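Structure assessment
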Amino acid sequence: MSQPHPDPAAFSPEALADRLAGCSEKSVACRELPAGLIPETLEAAYAVQDCIVRQRGGHVLGWKVGSPSPDNPVIRCAPIPQGCLLPSGVNLPQSAFAHSGLELEIAVRFGRTMTAETLPDNDASIIAEVVAMAPAIELVSSRYIEWPSVPPLAQLADLQNHGVLIVGEFVPYRQDFPFVSPTLAFDFDADHISTDIPRNPAGDPRRLLPWLVRHCAARGFPITPDTVVTTGTYTGMHFPRRSGRAIGRIDGFSEISLRLV
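Residues numbered from 1 in each chain as written. Predicted model: local features only at pLDDT ≥ 70, side-chain atom pairs only at ≥ 80, totals over all residues. Heavy atoms only, no water.

Let us now look at the packing of helix 2 (residues 42–55) against helix 5 (residues 208–219). Two measures define how a pair of helices packs: the angle their axes make with one another and the distance between the axes. Contact geometry of helix 2 with helix 5 gives a least axis separation of 13 Å together with a crossing angle of 70°. Relative to helix 5, the element helix 2 is oriented roughly perpendicular. The residues of helix 5 that touch helix 2, namely those facing Y46, Q49 and D50, are W211, H215 and R219. Among the residues making up the contact of helix 2 with helix 5, the classes are represented as two nonpolar, two polar and two charged. (Axes fitted to C-alpha atoms, helices over the stretch in contact; angles between N-to-C directions. Helix = DSSP H or I, 4+ residues; strand = E, 2+ residues; numbered from the N terminus. Parallel < 35°, antiparallel > 145°, perpendicular 65-115°, else oblique. Contact = heavy atoms within 4.5 Å. Nonpolar A, V, L, I, M, F, W, Y, C, P; charged D, E, K, R; others polar.)

In structure tokens:
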């Protein structure tokens, strides 16, 4: 006999957020969660994100956004809460993260505040509001023991597997920058992480920005000139097995680094 399907109305985003909050060292076993704590809709997963943001002080410093392929209409995002945005050169204890995957990315900032009341009319107008860009390293982590073998919506609820974002020096935005395949190098001590032809899964990641801005506006999160938006990896994900220093170099930017200790 099949098991009864959980009632989505009974789902408690606060309960799952409570399980996930502050448990980097004491990860949650997703398989042991009650069925009613596994989000079954996008709305439920994003509601958990909202609860986590409130638990961490209510401030969103940035967003991560991505898509699995250049033509894929599926776009997902997660907020970067207070305490999760750090400068280049930082030392991070490996023990603070149950999982630690490193990705080299490009982040952007906009020139004005955009809300539901002040949204530009079309995609091109939203992209035209980008004024600055910077190299970034995301430390991807998860609060689930079984990650990555976790339902996609449960991962989305867990801030889409966000640990921390390291952001380098911003430079003025260049419309002609080769966002599809920039020239770069990414190393962890003697390990070369980068590939010969770096690619972002989304293709040109700027295509994600209009969706993100509208998504945030609909959820009541303004995009401000201080908001940092990171747009997905160019190097895949590298899992260091030891302490060491990660260094990212993208042509057109200053070097960015972090050290795992």
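All right, on to the pattern of salt bridges then. One pass over the structure, following the stated rule, counts twelve salt bridges. One salt bridge connects E255 with R245, and the closest N-O pair in it is separated by 3.5 Å. Linking E255 in the loop between strand 12 (244–250) and strand 13 (256–260) with R245 in strand 12, this pair joins segments that are ten residues apart in sequence. One salt bridge connects R249 with E255, and the closest N-O pair in it is separated by 3.2 Å. (Salt bridge = Lys/Arg side-chain N within 4 Å of Asp/Glu carboxyl O.)

For the coordinates displayed, the defined rule picks out five aromatic pairs. Seen from their ring centres, F177 and F253 are 5.4 Å apart, and the 65° between their planes marks the pair as edge-to-face. Taken together, the positions of F177 in the loop between strand 8 (171–172) and strand 9 (184–188) and F253 in the loop between strand 12 and strand 13 put the pair 76 residues apart, joining distant regions of the chain. By relative accessible area, which is 4% here, F177 ends up buried. (Phe/Tyr/Trp six-rings, centres within 6.5 Å; stacked < 30°, edge-to-face > 60°. Buried < 20%, exposed > 50% of the residue type's maximum accessible area, 1.4 Å probe, protein only.)

Attention shifts here to the sheet that holds strand 9. Read across the sheet, five strands follow the order 4-13-12-9-10 without closing on themselves; strand pairing throughout is mixed. Edge positions in the sheet fall to strand 4 (90–92) and strand 10 (191–192), since each of these pairs with one other strand and no more. Pairing analysis gives five bridges linking strand 12 to strand 13, with the strands arranged antiparallel. Note that in strand 13 the partner of R245 across the bridge is R259. (Pairing = 2+ DSSP bridges.)

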